[in-house]
Amino acid sequence: MLAMYCKKSSKNVQAKCQQMRERGQIKFFCRIRSMENDSDISCIKVLSDKIVSLTPPSTSVGFQTGNYREIHCLFHRVFEEDASQETVFEWTTIPLINDVFRGKSCLLFAYGLSGGGKTYTMNGEPRKPGIISRALDVIFNNIMHFQAEKFVFKPDKMNGFEVQAEEDAWKERQCEAHRTQRLMKTDDAIECDQQAPCYIQLEGIDEDNIYAIFISYVEVYKNAVYDLLEDTRDYGKHKRLQGKLVREDRTHDMYVHDVVEVEVKSSKEAHEILYKGMCTKRKIFGSVTSGFSCSHSVFTIRIVQAVLDQFGGAPEQKGAYCVSKLCLVDLAGSKCTNYMKNTSQRLGESGNINNSLMTLKTCLEILHENQKLGMKKLIPYRDSKLTYLFKNFFEGESNIHALICVNPRAANFDETLHVMKFANILKEVQVLHQSSTVKSTGFPVGRRRANQMFQEALQKLEQDERVQSSDDICSISTAFPCLELKDPMDDKLIHNLIQFLEFRHEQYNLQRQNLVHKEKEFFEHLKAVMQKNFLAQHENTSLHDILDFETNKRIALEAKENEMESCAEQLRQELYNRSEAIKMVKQEAVVVHEAQNGVEMLKKPLPLASFSRRKRSVTSPIISSEDENSTSAMA
Ligand SMILES: Nc1ncnc2c1ncn2[C@@H]1O[C@H](COP(=O)(O)OP(=O)(O)OP(=O)(O)O)[C@@H](O)[C@H]1O
């Protein structure tokens, strides 16, 4: 959270905090990059892990117009120059990934001046992977053994998914295997040397669920959306990527129409797709932006999760799944114009960037006004593709994190101040806190493991030669005695047969009794397990209640803490203002006192000598030592 000082009554602040608890707040982070040159002067000081202060340098517009007060900005967390990529990722992205696995939709965007380190933070560099790369690693490390078969879930190109029959999915898997082999032979296939083994245990992963991950990568450039994963191999010099439409689905969620969405099964596969997109971006947009990104990159990870049925098998019921997404956005630099050479095309580009960021600002301002005053003003999301794409994050239920990337150079002070002001507008906007969309099914916990154990046991039974004969399993006696009658008078055979059958019958009864007994035992055991399960579920529910209670308490405390921090900052500012005022009053008092002294001195009758000296000093205030000597001589 960022707070710039404003004078509001504590009642207002309290009401606001209450509102925040219900609606949820956008979390603000600030990353300060290291300076390029040692000779550069910094205008940013980190006061604590949440507060930074901006000191206007003498060259700044504010300073020149007499506004040279320090400005304090409050964030959820401040990352100093030496903060690692890992730390930034853990603070800004891990909570969002956890929420995505709870079925929520999340947005993380990097905003700041050109060269502030947005792309460095989002995409990273070789050996210093950024947020996108780490997010992919963490997701796949956690769901490695819980993935659905490929192509079971198929995007319907309208934000939704279809569940395919196993045979259709298998056919698609075969086709894809050929296609990938072909693709890997092209120049676009890049070695993924950036892959970082990032192991962080996520919350919200349910081993009784199956997961499927889909990624898409688009670029918003000159108010048009381009698909970076579109096949560009046939695109020659004169052929360009086609702009895509941004549409709204039945649930008012936005999507890029006809965008390529790739289902990935490993972090390596996801990285290959990511680098393919980066290559396209460099090839198509790189040449016109000369190192500074004048377009907005949107990398989306969609997670489909379905609950396994009561036997631990894949769900067949259509629609029995939940879809959530994580959008990782690298916004264009907010000060592109200065960095770009003044060719007309580039001025046009920078104008477009500023337009889209301006529209974003306008939308947020109107949204805040609507929320604050209960108005229903039309918000111009449609004025820019960027805002239209993210409409749902601001209007609907979502979790949003904003990462403000700043360069502390004093020369950038004025622009940095604008970035902070933009962040301050964002702070005012409230987004609805999304409740988890993953519903409890009532199925027993541990279905996947139980199913696996059952399958293993079955396999073992099939493999074991000793139990393959069904005779061995349900045998009630040895083989029948020889029934060949050699002598018609021979009663022994009949007698033996009767004995054998009686023994067999006895064995049958015994085994039957045994079976009934075992069945009874099994049901007793099952009952005990069910009872235990019921108790565990009960305990689980009460633990969830406690957790919810504690979470609410934590949220309330956090809100209180934020409120206190705001109040403390206000009081500090007030103190500063008052001490400045006291200083000025003291100075004025000294001046008045001196003036009074002067008047009193004048009122006193002076001796003649001193009068003549005074008279002289009045007429000629600058007296040299020679004059003084001569005056005293005259006296
Ligand atoms: N925290 C950091 N530590 C080390 N180097 C950094 C850091 N932040 C940025 N850099 C370096 O600064 C340069 C510019 O950073 P980057 O391209 O990320 O800026 P940007 O904000 O994305 O700019 P633009 O909006 O123009 O794309 C890069 O060479 C990057 O390596």
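Look up a bit, the structure's there.
Report on the accompanying structure. (Residues numbered from 1 in each chain as written. Predicted model: local features only at pLDDT ≥ 70, side-chain atom pairs only at ≥ 80, totals over all residues. Heavy atoms only, no water.)

### Digging into the sheet that holds strand β2 (residues 44–46)
Filter applied, for reference: Note on pairing: two strands pair once DSSP finds at least 2 bridges between them. Labels follow the DSSP assignment, with helices taken as runs of H or I lasting at least four residues and strands as runs of E lasting at least two, numbered in each case from the N terminus. Orientation is described by lines fitted to C-alpha atoms, with helices fitted over the stretch in contact, and by angles between N-to-C directions that extend from 0 to 180 degrees.
Read from one edge to the other, the open sheet built from 3 strands follows the order β2-β3-β4, with strand pairing classed as antiparallel. Across the chains shown, the open sheet's two edge strands, defined by having one partner strand only, are β2 and β4 (71–74). This sheet shows a mean twist of 25° between the axes of neighbouring strands, independent of strand direction. Two strands pair when backbone bridges link them, and β2 and strand β3 (residues 51–54) are joined in this way by 3 bridges, in the antiparallel orientation. Residue pairing in the sheet places Ile 44 in a bridge with Leu 54 of β3.

### Things to note about the pattern of salt bridges
One side chain can pair with another of opposite charge once the charged atoms of both are near each other. We apply this condition: Basic side-chain nitrogens of Lys or Arg form a salt bridge, by our definition, when they fall within 4 Å of a carboxyl oxygen of Asp or Glu. Only protein chains enter the accessibility calculation, which uses a 1.4 Å probe; a residue whose area is less than 20% of its type maximum is buried, one above 50% is exposed, and one in between is partly exposed.
If you walk through the whole model with that rule in mind, you get 23 salt bridges. With a closest N to O distance of 2.7 Å, Lys 150 and Glu 269 form a salt bridge. Note that Lys 150 is positioned in the loop between α6 (131–143) and β9 (153–155) and Glu 269 in helix α8 (residues 267–289), a separation of 119 residues in sequence. You'll find Lys 150 and Glu 269 in the same group, each marked buried. Each of Asp 99, Arg 102, Lys 104 and Glu 203 takes part in salt bridges that share partners, so that together they form one network.

### Structural notes on a nonpolar patch on the surface
As a reminder of what qualifies: In this scheme, patches are assembled from residues that exceed 30% relative accessible area and form no salt bridge. Like charges are connected within 9 Å, while nonpolar side chains (Val, Leu, Ile, Met, Phe, Trp, Tyr) are connected within 5 Å. With residues, only the protein chains shown are counted as cover, and all accessible areas are computed by Shrake-Rupley using a 1.4 Å probe.
Where nonpolar side chains cluster on the molecular surface, the patch consists of Phe 522, Phe 523, Leu 526 and Met 530 and spans about 420 Å² of accessible area. Assignment of secondary structure puts Phe 522 in helix α16 (residues 492–603).

### Comments concerning the environment of Asp 330
Using the following cut-off: For this analysis, residues touch if any pair of their heavy atoms sits within 4.5 Å. Here a polar contact is taken to be a pair of N or O atoms separated by no more than 3.5 Å, where protein atoms must pair a possible hydrogen donor with a possible acceptor and residues adjacent in sequence count only if both atoms sit in side chains.
Of note, Asp 330 is situated in strand β18 (residues 321–330). Between the C-alpha atoms of Asp 330 and Phe 109, which are 221 residues apart in sequence, the distance is 5.9 Å. Sequence-distant contacts of Asp 330, defined by excluding residues within four places in its chain, comprise Ala 110, Lys 118, Thr 119, Met 122, Ser 295, His 296 and Ser 297. One polar contact links Asp 330 to Thr 119, side chain to side chain, over a distance of 2.9 Å.

### Regarding the packing of helix α3 (residues 85–92) against helix α4 (residues 94–101)
Helix packing for two helices is described by the angle between their axes and how far apart those axes are. Definition in use: In what follows, roughly perpendicular refers to angles from 65 to 115 degrees, roughly parallel to angles under 35, roughly antiparallel to angles over 145, and oblique to any angle outside these ranges.
It is at 4 Å that the axes of α3 and α4 come closest, and there the two elements cross at 40°. Relative to α4, the element α3 lies oblique. Side by side, α3 and α4 meet where Phe 89, Glu 90, Trp 91 and Thr 92 of the first sit next to Ile 94, Pro 95, Leu 96 and Ile 97 of the second.

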